[in-house]
Amino acid sequence: MIKAILIFNNHGKPRLSKFYEHYSEDTEQQIIRETFHLVSKRDENVCNFLEGGMLIDGSDNKLIYRHYATLYFVFCVDSSESELGILDLIQVFVETLDKCFENVCELDLIFHVDKVHNILAEMVMGGMVLETNMNEIITQVDAQNKMEKSEAGIAGAPARAVSAVKNMNLPEMPKNINIGDISIKVPNLPSFK
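Everything numeric here is computed off the predicted structure, so don't read it as measured data.

A. Structural context of the pattern of salt bridges. This structure, assessed with the given rule, holds three salt bridges. Residue Lys3 is joined to Glu21 by a salt bridge in which the shortest nitrogen-to-oxygen separation is 3.7 Å. Placement of the pair is Lys3 in strand β1 (residues 2–9) and Glu21 in the loop between β2 (14–19) and α1 (25–40), with a sequence separation of 18 residues. Classification of Glu21 as partly exposed rests on a relative accessible area of 24%. Here Glu106 makes a salt bridge to Arg15, at a shortest N to O gap of 2.7 Å.

B. Summary view of the pairing of strand β5 (residues 71–78). Counting buried positions over the eight residues of β5 gives eight, a clear majority of the element. On β5, burial covers both faces: Leu71, Phe73, Phe75 and Val77 on one face and Tyr72, Val74, Cys76 and Asp78 on the other are all buried. Of the strand pairs in this sheet, β1 and β5 are connected by seven bridges, and their pairing is antiparallel. Across the sheet, the residue bridging to Leu6 is Val74, located in β5. Here strand β4 (residues 61–68) folds back onto β5 in antiparallel fashion, the turn holding two residues, of which Ala69 has a positive phi close to 50°.

C. Broad picture of helix α2 (residues 83–101). An ideal rise of 1.5 Å per residue puts 27 Å on 19 residues; α2 measures up with 27 Å between its terminal C-alpha atoms. Taken together, the buried positions of α2 are occupied by Ile86, Leu87, Leu89, Ile90, Val92, Phe93, Val94, Thr96, Leu97, Cys100 and Phe101. Among the residues trailing α2, Glu102 stands out with phi positive, at a value near 50°.

D. Main features of a nonpolar patch on the surface. Taken together, the side chains of Ile177, Ile179, Ile182 and Ile184 define a hydrophobic patch exposed on the protein surface, amounting to about 360 Å² of accessible area. At the level of secondary structure, the elements contributing two or more residues to the nonpolar patch comprise β8 (176–179) and β9 (182–185). Summarising the element assignment, Ile182 is placed in strand β9.

Thresholds applied
Residues numbered from 1 in each chain as written. Predicted model: local features only at pLDDT ≥ 70, side-chain atom pairs only at ≥ 80, totals over all residues. Heavy atoms only, no water. Salt bridge = Lys/Arg side-chain N within 4 Å of Asp/Glu carboxyl O. Helix = DSSP H or I, 4+ residues; strand = E, 2+ residues; numbered from the N terminus. Buried < 20%, exposed > 50% of the residue type's maximum accessible area, 1.4 Å probe, protein only. Pairing = 2+ DSSP bridges. Expected span 1.5 Å × (residues − 1). Patch = residues over 30% accessible without salt bridge, like charges linked within 9 Å, V, L, I, M, F, W, Y side chains within 5 Å. Areas by Shrake-Rupley, 256 points an atom, 1.4 Å probe, with all protein chains shown as cover.

In structure tokens:
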């Protein structure tokens, strides 16, 4: 099971932290600091697996990480997870981010944290891997983006309606509006223009 997913920069600033078990905020911050300390002091040419020690609930945990440019992607997992499988999952996550943001960088993670969490939620939920097919993940993220845009369209409808009425070229304000058997008397309103 995946216990936590952490992304931090070369200076130890967390850019994403997702814990799949409940910890107090102080404990989470301590885990992030200790994880950065363990991972950042390792040489570039050593393996990307590290025993987690007492970081998260005992010695059967592992830190599996990749270092890309200025970011460390760290998955804290228990002993039931495959190290190579998690390395592959990190690679899929980074490639998906790269496709969604067109050459992802640290600033994308800062300014689009909601989109990054959506991508992560398509891949991992509750500490279990859901999807590793990058094309399927991108399809779902695109569907989510479309839905958000359509909802933004609904929310903006009143403003567009007022704008449309203002832009109408009516010779005079109607006194009555008749719709079928219904007649609505329009009150005297100031001009829109």
